[in-house]
Amino acid sequence: MASSCSQALRHHVCKSSRILRVHLQKAWPNRSFVLNPAADQQPAVSSPEEIVIPKKKTWSKEAVLQALASTVNRDPTASDYRFQDDPYLTPKTSSEFKLFSLSQESGRNAAKYFISTYPKYFQKDYAQPHIPCLMPETLEAQLEEVSEAALIERIQMRKVKAAVDLYDQLQQAGTPVSLDVTNQLLDLICFYGDCDPAQENVPEQRNEETVGQENKLSHNKRSPCLVFSFRENNNAERVFALLSEPNTHSYSALIRGMVKYGAYSKAFSTYTDLLNNQLKADVSTFNALITAAPEVKEKYNEKWELIVDLLKQMAEQKVKPNLLTLNAVLKALRRCGTVGKSQAFPVISEMRALSIDPSLASYNHLLSIFYKPGHKGQTDILQEVMNEVSGKSFTPQDPDDAQFFITAVRICLDTKDIEQAYRVHELLGVGENWRLLGNDFQQNIYHARFFSLLCMMENIDVVLKWYRDLVPSVYYPSSNVMRDLLQALDTDNRLDLIPQIWKDLKQLGHGNRQTLVEELLTLMAREKQNQEVQETFAECALDIKKMYDTGDRGKVMMSWTAGSLSDLVSVLLAAQRRQDAWEILKLFKTHNRVPSEELLDKFLTCIKESGDVNQALELVQISAGFCLPGTPKLIQRVQQEFLLSEQQK
Amino acid sequence: MYRRLLININQVRNRLIHTHNTRLTLPSTKCKERESFAPVAWAPCTSRPLGTSSISFSENKESSTSLSEDKGKTPEETEVNAEVNTDGQRNTEMNEGTEISNATLTSQLETEPVVKPEDRKQVEKTKSGKESLLELLGAMKVEVTTVRKIRPSKTPRMSERPDQEPMESTHSMFQRATAEGSQQHGTLNPELVAAVSAAASTLPNRHQAESELLKQLRKHEAIPDTQRRADIGHIISDMKVGKRPNGRSNVRPTSQIRFDDDGKGYTQDRGITSELDGKVFCPTLWDIDLANQIVQATNQMPRNGFEEMIQWTKEGRLWQYPINNEAGLEEEASVPFHEHVFLEKHLDESFPQQGPVRHFMELVITGLAKNHHLTVQQKKEHIDWFRDYFRQKEDVLKEAEAYLN
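Reading the values: the criteria
- Residues numbered from 1 in each chain as written.
- Chains lettered and ligands numbered in written order.
- Predicted model: local features only at pLDDT ≥ 70, side-chain atom pairs only at ≥ 80, totals over all residues.
- Heavy atoms only, no water.
- Helix = DSSP H or I, 4+ residues; strand = E, 2+ residues; numbered from the N terminus.
- Buried < 20%, exposed > 50% of the residue type's maximum accessible area, 1.4 Å probe, protein only.
- Contact = heavy atoms within 4.5 Å.
- Areas by Shrake-Rupley, 256 points an atom, 1.4 Å probe, with all protein chains shown as cover.
- Core = buried A, V, L, I, M, F, W, Y, C linked by side-chain atoms within 4.5 Å.
- Axes fitted to C-alpha atoms, helices over the stretch in contact; angles between N-to-C directions.
- Parallel < 35°, antiparallel > 145°, perpendicular 65-115°, else oblique.
- Left-handed = near helix turned anticlockwise from the far one by under 90°.
- Phe/Tyr/Trp six-rings, centres within 6.5 Å; stacked < 30°, edge-to-face > 60°.
- Salt bridge = Lys/Arg side-chain N within 4 Å of Asp/Glu carboxyl O.
- Expected span 1.5 Å × (residues − 1).
- Bend = angle between axes of the 7 residues up to and from the residue.
- Patch = residues over 30% accessible without salt bridge, like charges linked within 9 Å, V, L, I, M, F, W, Y side chains within 5 Å.
- pLDDT = per-residue confidence, 0-100.
- Polar contact = N/O pair within 3.5 Å; in protein donor to acceptor, adjacent residues only side chain to side chain.

### A few points about the overall build of chain A
Move 1: When helices and strands are counted, chain A shows 31 helices and 0 strands.
Move 2: For chain A, with 649 residues in total, the buried portion stands at 46%.
Move 3: Long-range pairs, those at least 24 residues apart, make up 66% of the contacts in chain A between residues at least 6 apart in sequence.
Move 4: Carbon and sulfur atoms make up 53% of the accessible area of chain A, which totals about 33300 Å².

### Focus: the nonpolar core
In globular proteins that are soluble, nonpolar side chains generally tend to be buried together.
Move 1: Core analysis: the biggest nonpolar cluster contains 167 residues, and Leu 151, Leu 367, Phe 404, Phe 405, Phe 451, Ile 544 and Phe 603 of chain A have the highest contact counts within it.
Move 2: Broken down by element, this core gets its largest block of residues, 8 residues, from helix α7 (residues 179-192) of chain A.
Move 3: One finds Met 361, Leu 397, Ala 402 and Tyr 403 of chain B within the second-largest nonpolar core, a separate group that totals 18 residues.

### Here's the deal with the packing of helix α5 (residues 148-156) of chain A against α7 of chain A
All names here are of chain A.
Move 1: Between α5 and α7, whose axes approach to 10 Å, the crossing angle comes to 30 degrees. As judged from the angle between their axes, α5 and α7 are roughly parallel. Here α5 and α7 pass one another in a crossing that is left-handed. In this structure, α5 uses Glu 148, Leu 151, Ile 152 and Ile 155 to contact α7, whose residues at the interface are Val 181, Gln 184, Leu 185 and Leu 188.

### Digging into the packing of aromatic side chains
Residue and element names in this part refer to chain A.
Move 1: Per the counting criterion, the structure on display carries 29 aromatic pairs over all chains.
Move 2: For the pair Phe 114 and Tyr 118, a centre-to-centre distance of 6.1 Å together with 20 degrees between the ring planes defines the contact as stacked.
Move 3: Measuring from ring centre to ring centre gives 5.4 Å for Phe 404 and Phe 405, while their planes differ by 75 degrees; the resulting arrangement is edge-to-face.
Move 4: Put simply, the rings of Phe 404, Phe 405, Tyr 422, Tyr 446, Phe 450 and Trp 466 pair up and form one aromatic cluster.

### Section: the packing of helix α16 (residues 338-353) of chain A against helix α17 (residues 360-370) of chain A
Relative orientation and spacing of two packed helices are given, respectively, by the angle between their axes and the distance between those axes.
Residue and element names in this part refer to chain A.
Move 1: Viewed as axis vectors pointing N to C, α16 and α17 meet at an angle of 160 degrees, and their least axial separation amounts to 9 Å. The orientation of α16 with respect to α17, classified from their angle, is roughly antiparallel. In the crossing of α16 with α17, the sense of the turn from one axis to the other is left-handed. Contacts between α16 and α17 involve Gly 340, Lys 341, Ala 344, Phe 345, Ile 348 and Arg 352 from the first element and Tyr 363, Leu 366, Ile 369 and Phe 370 from the second.

### Topic: the pattern of salt bridges
Move 1: If you walk through the whole model with that rule in mind, you get 28 salt bridges over all chains.
Move 2: A salt bridge links Arg 82 of chain A to Asp 440 of chain A; the shortest N-O distance between them is 3.0 Å. Taken together, the residues Arg 82 of chain A in the loop between α3 (63-69) and α4 (94-117) and Asp 440 of chain A in helix α21 (residues 440-457) connect sequence positions 358 residues apart.
Move 3: Among the residues examined, Asp 440 of chain A registers a relative accessible area of 14% and is labelled buried.
Move 4: Between Lys 398 of chain B and Glu 394 of chain B there is a salt bridge, with its nearest N and O atoms 2.7 Å apart.

### Some words on α16 of chain A
Residues and elements named next belong to chain A.
Move 1: Taking 1.5 Å of rise per residue, 16 residues should cover 22 Å, and α16 covers 24 Å from first to last C-alpha, within 8% of that figure.
Move 2: The sharpest bend along α16 measures roughly 35 degrees and falls at Ala 344, with the proline Pro 346 sitting one to four residues further on.
Move 3: In the core, the buried residues of α16 are packed alongside α14 (300-316), α15 (323-333) and α17.
Move 4: Positive backbone phi, approximately 55 degrees, marks Ser 355, located one or two places after α16.

### Brief notes about a nonpolar patch on the surface
Move 1: Taken together, the side chains of Tyr 113, Phe 114, Tyr 118, Tyr 121 and Phe 122 of chain A make up a nonpolar region of the molecular surface, amounting to roughly 540 Å² of accessible area.
Move 2: Within the secondary structure, Tyr 113 of chain A is located in helix α4.

### Quick word on α21 of chain A
Move 1: Its 18 residues place the ends of α21 of chain A 26 Å apart at the C-alpha level, agreeing with the 26 Å of an ideal helix rising 1.5 Å per residue.
Move 2: Among all positions in α21 of chain A, only Asp 440, Gln 442, Gln 443, Tyr 446, His 447, Ala 448, Phe 450, Phe 451, Ser 452, Leu 453, Leu 454 and Cys 455 of chain A are buried.

### Examining the confidence of the model for chain B
Residue and element names in this part refer to chain B.
Move 1: Overall, the prediction assigns chain B a mean pLDDT of 57, with 30% of residues at 70 or greater.
Move 2: Segment residues 137-186 is flagged for pLDDT under 50; beyond a separation of four residues in sequence, or across chains, it makes 89 contacts in the model.
Move 3: This model gives residues 224-280 a pLDDT under 50, and the stretch forms 95 contacts once residues within four places in sequence are excluded.
Move 4: ipTM for the predicted complex: 0.75, alongside a pTM of 0.62.

### Here's the deal with the side chain of Ser 473 of chain A
Residues and elements named next belong to chain A.
Move 1: Within the secondary structure, Ser 473 sits in the loop between α22 (460-470) and α23 (479-491).
Move 2: Among the polar contacts listed, one links the side chain of Ser 473 to the backbone oxygen of Pro 76, at a separation of 3.4 Å.
Move 3: Reaching out from Ser 473, the side chain makes a polar contact with the backbone oxygen of Asp 469 at a distance of 3.4 Å.
Move 4: Once you skip the residues sitting within four places of it in the chain, Ser 473 turns out to touch Arg 74, Asp 75, Pro 76, Ala 78 and Asp 80.

Right under this line is the structure:
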């Protein structure tokens, strides 16, 4: 970072302040921290009497840092910022990247865990002023007595079991617990499904898991413990039943808990209960119910009718829907088949009428409704969506927001629409949108799709430009993507770049992918290039051979095939490296592979050029050793083309 | 007797002021002489760095001449005192008239230690008369020299001294100041000293009064001094420290939960919950969870050092980058400037409307109005201290007809 930063800063400082100002003015409107356009206000020059008093500028406390941060561009030659502390730990492959970032995160978590577990050793407060977030958190309950305060404390610490026990004790003692606190308790129980929450110190790993399951439908991923949590007479229902007059909040907690833990029909019956008690539901309850709607009905039409019914009840009860309602409806429509396609746009326009701006998650659902994986949809929907969103900076508002980019780029890949892909990528650069690309895993998917599309659609120069920009600073391509790249090289006839790509391949850890390496060798052996290129090919081929020989410990060793060996030999022969080629030829025997006749023929031609009679004879002997059917032909050629002594004959 | 004495003193003082004025331009030789001894006096006095101002001299003199309470004085100090005394004497010799009129008093002063307690009060009065005279003479003379001379040598010393007191409430400092013995200080404005003497001269125990008043003033010189040296970070930190004492609180405030429960950058999404904050309920577990999910789903990794600093700022780990001139003034942010500058309204109720006390207080508020290191609250406390002080001395002041209402 240091270098790029200082460069950027120097760059700015060198310019005169006027230019700087102009520059910043250009940059500012794009940024979210500018609360009003006061920065650009100039005194009005319309009439001398009129004095325009500029509005007071309100800056956030990070404004200076944000302005500074905006001067730093991404350095395509540097690795990710989090690895810049220690050059030794600069990841070179995607597995290293994963390993290092996870270990960094888990190191932090371990430290946090120790601080929280043994707070007595971390009491010294060095910071001036006091920094609360560096101090250990209290994990043990401080209040021991049976009281409402103690209950509140346990609720705040999210100790489900302890809180429920305390509540029972309070009930037995006859101490009344206020409705508010009981609702909080209910929230807690329902949120954690009546289990104590697991230690929340592995956020990175959890990310990976959730993303891994992303493609499965979300309702399938309940862990077994949670599925059974809404069994009959669990604590949530028991506490709820003890309430003399449950209010909206109590019902809301119960319904949301039921929906979260898969008790969908129960949620709807609780909702009926709520209506019978002459209460109104709140917006989050409706959101939960809309999410649950597709689960309780079988047919597409019925699902949709239920959702419409719920929306009507919202209107009746004068509950204002929010963005999450919109997204829940659209998400439910994804599972309504053809109904979804007809209803998606009316829903969005309805929400516009309620002045709710769709977030990226809404567009993501919209795209998913119209483009099912494997089917070719109408391309114009993506185009329309892109017209709508391009140039806008989005703030994260919905957990599904982070899905938009990978969905959009998937559709581009499916429809081979490079133009839209560029627009998607451009949108990613606007404002803070890069945050919405999601975690490392999603970033990888996005870049893989984008790059594959480039390899497929663009000419090689453009591809290489992107390649240099993305690899390896933000993206570590998989072997499949690298094969796409090789194919792109092949189509555009730029095979001379192969040695360079091989170096990258080796660094990216794909040096031992047999299929990839064989493809590389085939490409090199296929055509005869000019002398210079052949030389580099030969170097590269020998390097590949080394890869076969050494083979890192723990990694899968590559085994020679006849094809790869003959490709290797022909590459070396083309570069006039007869001696090296001869060595390789011997490998056929040691690895029990059989060379083809054409190869030996080619070899013989090469020997003839140098006129080495003995080697020609050896070649014949080798050929005879393999019992090749072409041996007599080879003998004949040798006899014709070489001057042989009697003995040799 | 007392009355006559006062008149006497007043005359003397008036005359003195004249001589003082003339002398200001006069004695360059004397200055040199002083220069030679000044370093000697400096070196050994560690516990009480001999105030370069007139005041500490006068104090010393007071204590040595009066009840000789502090025996523990170093010989150097007494030497200095002797010098001062002789200086003072020399000065008094110049004013022959007063010398003669006070001759009797001097003899009385010498016999003072053996005076019986029942006579004490009267003795004190007389003593104060005489002493104040000497005092003033000495003080004024030293002023002339010290202001010019010793100051340069003082400054490095001041900077050497560690910041022993980060900002406390000034109020407690006042209290301590009165409790403690004399203190070391920077020079005070001679005008101010004169005003103090004037106010104090109305009191029977005028030395004590004067020194108390001066101490109070000097305190205020001292506080801004420490503040000035502390950089802005210290000011901020001190303010915070003052507000909430260190040590971790066992019960987490409710607002903190939202911050702690998700490792990183949760505050970013406060936009969602902040709307709810304003309403009746605080964010429930569900809202927290939603925000948490959003944070988990999005990429929160900083891309460069500045973004990391932004993250730290949000987490409260990093000192806030100043974005305007009011950085670190959270405490005073809501206080308009006129509260700082127009302090007369605080003088109205319980201070005399005219006379020396009023004059003194007007100078005090002028000084406070210009002091940008104190908060309004501290300024009020300062004035309140004087209010209490003068109220305590009210009967004495009334007797001296200095408390005019």
